Amino acid sequence: MATYKEIQEYVKNRYGYVVKTCWIADMKEQCGLNPRRSHRRISNRRKYPCPRNKKKAVREAFKHFGMI
C-alpha cells in the first residue's frame, strides 16, 4: 500500500497540485480502505472532506498504486 506522501507526489507530478492528507483519508474511507485515525480527531465527522474536483486525481493514484 502506498504512503500518503507517495500519493501526494504522484498527484503533484500528474496534475500539478498537492492533495491534503485529510482528503486522502476521506477517499480511502469512501473506497472501503481503512485509513488510520488521527489521534487529534475529536468526532467521527470529517472537517475537511475531499472536494469533488480532486476526487478523480486521488482515486487515480489509488489505482496506480494498486490499492483499488
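The structure under discussion appears in the preceding block.
Residues numbered from 1 in each chain as written. Predicted model: local features only at pLDDT ≥ 70, side-chain atom pairs only at ≥ 80, totals over all residues. Heavy atoms only, no water.

### A short note on the packing of aromatic side chains
Centre-to-centre distance and the angle between the planes together describe a pair of aromatic rings.
Next up, step 1: For the coordinates displayed, the defined rule picks out 2 aromatic pairs.
Next up, step 2: Between tyrosine 10 and phenylalanine 65, the ring centres sit 5.8 Å apart and the planes meet at 70°, which makes this aromatic pair edge-to-face. Residue tyrosine 10 is found in helix α1 (residues 4–15), and its partner phenylalanine 65 is found in the segment after α3 (52–64); the two are separated by 55 residues along the sequence.
Next up, step 3: Against the face of tyrosine 48 rests lysine 20, its NZ or CZ located 5.4 Å from the ring centre.
Next up, step 4: Above the face of the tyrosine 17 ring, lysine 54 is positioned so that its terminal group lies 4.0 Å from the ring centre. (Phe/Tyr/Trp six-rings, centres within 6.5 Å; stacked < 30°, edge-to-face > 60°. Helix = DSSP H or I, 4+ residues; strand = E, 2+ residues; numbered from the N terminus. Lys NZ or Arg CZ within 6 Å of the ring centre and 35° of its normal.)

### A closer look at the layout of surface pockets
Next up, step 1: There is about 550 Å³ of room inside the largest pocket.
Next up, step 2: In terms of lining residues, the largest pocket is bounded by 15 residues, among which Cys22, Ser38, Arg40, Arg41 and Arg46 are the most central.
Next up, step 3: In terms of residue count, helix α2 (residues 21–30) provides more of the lining of the largest pocket than any other element does, 3 residues in total.
Next up, step 4: Here the residues of the lining of the largest pocket are counted per class, giving 5 nonpolar, 3 polar and 7 charged. (1 Å grid on protein atoms, 1.4 Å probe; cavity = no way out; pocket = protein on both sides within 12 Å on 5 of 7 lines; lining within 4 Å. Points joined across faces, edges and corners; volume = space filled by probe spheres on them. Nonpolar A, V, L, I, M, F, W, Y, C, P; charged D, E, K, R; others polar.)

### Points about the environment of glutamine 30
Next up, step 1: On the secondary structure map, glutamine 30 appears in helix α2.
Next up, step 2: The exposure class assigned to glutamine 30 is partly exposed, which follows from its relative accessible area of 43%.
Next up, step 3: Distance from glutamine 30 to glutamine 8, taken between C-alpha atoms, is 18 Å for residues 22 residues apart in sequence. (Buried < 20%, exposed > 50% of the residue type's maximum accessible area, 1.4 Å probe, protein only.)

### Notes on the nonpolar core
Next up, step 1: Residues Ile7, Val11, Val19, Ile24, Phe62 and Met67 are the most contacted members of the largest nonpolar core, which totals 17 residues.
Next up, step 2: Of all the secondary-structure elements, those providing two or more residues to this core are α1, α2 and α3.
Next up, step 3: Discounting chain neighbours no more than four positions away, the residues touching methionine 67 are Met1, Ala2, Ile7, Lys28, Leu33 and Phe62. (Core = buried A, V, L, I, M, F, W, Y, C linked by side-chain atoms within 4.5 Å. Contact = heavy atoms within 4.5 Å.)

### Here we look at α3
Next up, step 1: Those residues of α3 that fall on the buried side of the exposure criterion are Lys54, Ala57, Val58, Glu60, Ala61 and Phe62.
Next up, step 2: Packed against the buried residues of α3 are α1 and α2.
Next up, step 3: Backbone geometry just after α3 places glycine 66 at a positive phi near 70°.

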